[in-house]
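Residue-level listing of the chains:
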Amino acid sequence: MNSFRPRTGTLDQWNAAYVRVEDYLRAHRLHNRLHQSRLLQRILVAAAQRHEQQPAADPVTLAVEEADRLMDGWFSDLLDEKELSHDRIAAEGRVALLLSDGTQRWPFAFLDEQNTPAEFKDAMKRSSIQAGPDLAISSMVPREIDLGVITEAAGQVLASMDKLPILRVVLLWGVFVTTLALVFLATR
């Protein structure tokens, strides 16, 4: 491995970029330190080259953008999806990676274009999100809801109770007193 010595930016900026990209890779469940360090150097070297051309840019931002660009290209190749937008390929790729448990089962295959096992590619494609059928226009005619005989009887009782408010109050008090009596008897 060549040593990483950026020509622009400060050491603190590049250390911050290193930490941010390391966290980014760990968020994708890449815990293999050896492979992680190779990817970190690859990403930081590419970010340093961009920083030489854009010295006003923040190295942390460039490093994360480079990691994102690398992941998008890798997901596009793995899933054979060249036409998708950044957001779509990022979502599909990350879901497929998570569902296939790719970083745990094939830790050295993560972001490696040359040595990707066929089983890993198959697992990623099987775990990929597939859109459902296209929407189709259908017609639904509104109809009455049949709530059954009990609901109709309850509705009729409530309607008649509205006509006799005194009877309603007496019945409610009767239910209340009966409930209290049952509670009292149950606690004895």
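Going by the structure above, here's the rest.
Predicted model, so just to flag it, every value in this text is computed and none were measured.

A. Structural context of the overall build of the protein. When helices and strands are counted, the protein shows eight helices and zero strands. Walking the protein from its N terminus toward its C terminus, one meets helices and strands in the order α-α-α-α-α-α-α-α. The C-alpha atoms of the protein give a radius of gyration of 33 Å, which is well past the 16 Å a tight globule of 188 residues would have. Across its three principal directions, the C-alpha atoms of the protein cover 95 × 50 × 35 Å. Counting all 188 residues of the protein, 29% fall into the buried class. Taking all contacts inside the protein whose residues are at least 6 apart in sequence as the whole, residues at least 24 apart take part in 59%. Of the roughly 13,400 Å² that the protein leaves accessible, carbon and sulfur atoms contribute 59%.

B. Focus on unusual backbone geometry. One non-glycine residue, Arg-29, adopts positive backbone phi at about 65°. Of note, Arg-29 is situated in the loop between α1 (11-27) and α2 (33-53). Arg-29 gets classed as partly exposed once you look at its relative accessible area, which sits at 41%.

C. Highlighting the pattern of salt bridges. By the definition in use, this model includes eight salt bridges. A salt bridge links Glu-22 to Arg-33; the shortest N-O distance between them is 3.0 Å. Separated by eleven residues along the polypeptide, Glu-22 in helix α1 and Arg-33 in helix α2 bring together distant segments of the chain. Classification of Glu-22 by relative accessible area gives buried; the value is 12%.

D. Spatial organisation of α1. Counted at 1.5 Å a residue, the expected span for α1 with its 17 residues is 24 Å, and the 24 Å between its end C-alpha atoms agrees. The complete set of buried residues in α1 reads Trp-14, Ala-17, Val-21, Glu-22, Tyr-24 and Leu-25. Looking straight down α1, one finds that the buried residues subtend no more than 160° of arc, so they occupy a single side. Among the exposed residues of α1, those oriented more than 90 degrees off its buried face are Asp-12 and Ala-27. Buried-residue contacts for α1 involve α2, α3 (59-79) and α4 (86-100).

E. Seen up close, the packing of α4 against helix α6 (residues 118-127). Where α4 meets α6, the axes come as close as 8 Å, and the angle between the chain directions of the two elements is 115°. As α4 runs across α6, the sense of the crossing is right-handed. Of α6, the residues touching α4 (which contributes Gly-93, Val-95, Ala-96, Leu-97, Leu-99 and Ser-100) are Phe-120, Ala-123, Met-124 and Ser-127. Considering only residue class, the contact of α4 with α6 consists of seven nonpolar, three polar and no charged.

F. Representation of the packing of aromatic side chains in the model. Counted under the stated rule, the structure contains two aromatic pairs. With centroids separated by 5.4 Å and ring planes inclined at 45°, the aromatic side chains of Trp-74 and Phe-75 adopt a geometry described as tilted. By relative accessible area, which is 1% here, Trp-74 ends up buried.

G. Representation of the environment of Met-71 in the model. Mapping Met-71 onto the fold places it in helix α3. In this structure Met-71 comes out as buried when scored by relative accessible area, which is 0%. Filtering out sequence-adjacent residues up to four positions away, Met-71 remains in contact with Tyr-24, His-28, Arg-94, Phe-110 and Leu-111.

H. Seen up close, α2. Along its 21 residues, α2 runs 30 Å from first to last C-alpha, staying within 8% of the 30 Å computed at 1.5 Å per residue. Of the positions making up α2, those classed as buried are His-35, Gln-36, Leu-39, Leu-40, Gln-41, Ile-43, Leu-44, Ala-46, Ala-47, Ala-48 and His-51. In the core, the buried residues of α2 are packed alongside α1 and α3. In this structure Asn-32 caps α2, since a side-chain oxygen of it lies 3.2 Å from the backbone nitrogen of Leu-34.

I. Structural detail: the nonpolar core. Membership of the largest hydrophobic core comes to 32 residues, with the highest contact counts inside it found for Leu-25, Trp-74, Phe-110, Leu-111, Phe-120 and Met-124. Broken down by secondary-structure element, the contributors of at least two residues to this core are α1, α2, α3, α4 and α6. With ten residues, α3 is the single largest residue contributor to this core. In this structure Leu-111 touches Leu-25, Leu-39, Arg-42, Leu-70, Met-71 and Trp-74, once residues within four positions along its chain are discounted.

Each value, and the rule that gives it
Residues numbered from 1 in each chain as written. Predicted model: local features only at pLDDT ≥ 70, side-chain atom pairs only at ≥ 80, totals over all residues. Heavy atoms only, no water. Helix = DSSP H or I, 4+ residues; strand = E, 2+ residues; numbered from the N terminus. Rg over C-alpha atoms; globule rule 2.2 N^0.38 Å. Buried < 20%, exposed > 50% of the residue type's maximum accessible area, 1.4 Å probe, protein only. Contact = heavy atoms within 4.5 Å. Areas by Shrake-Rupley, 256 points an atom, 1.4 Å probe, with all protein chains shown as cover. Salt bridge = Lys/Arg side-chain N within 4 Å of Asp/Glu carboxyl O. Expected span 1.5 Å × (residues − 1). Arc of directions from axis to C-beta. Axes fitted to C-alpha atoms, helices over the stretch in contact; angles between N-to-C directions. Left-handed = near helix turned anticlockwise from the far one by under 90°. Nonpolar A, V, L, I, M, F, W, Y, C, P; charged D, E, K, R; others polar. Phe/Tyr/Trp six-rings, centres within 6.5 Å; stacked < 30°, edge-to-face > 60°. Polar contact = N/O pair within 3.5 Å; in protein donor to acceptor, adjacent residues only side chain to side chain. Core = buried A, V, L, I, M, F, W, Y, C linked by side-chain atoms within 4.5 Å.

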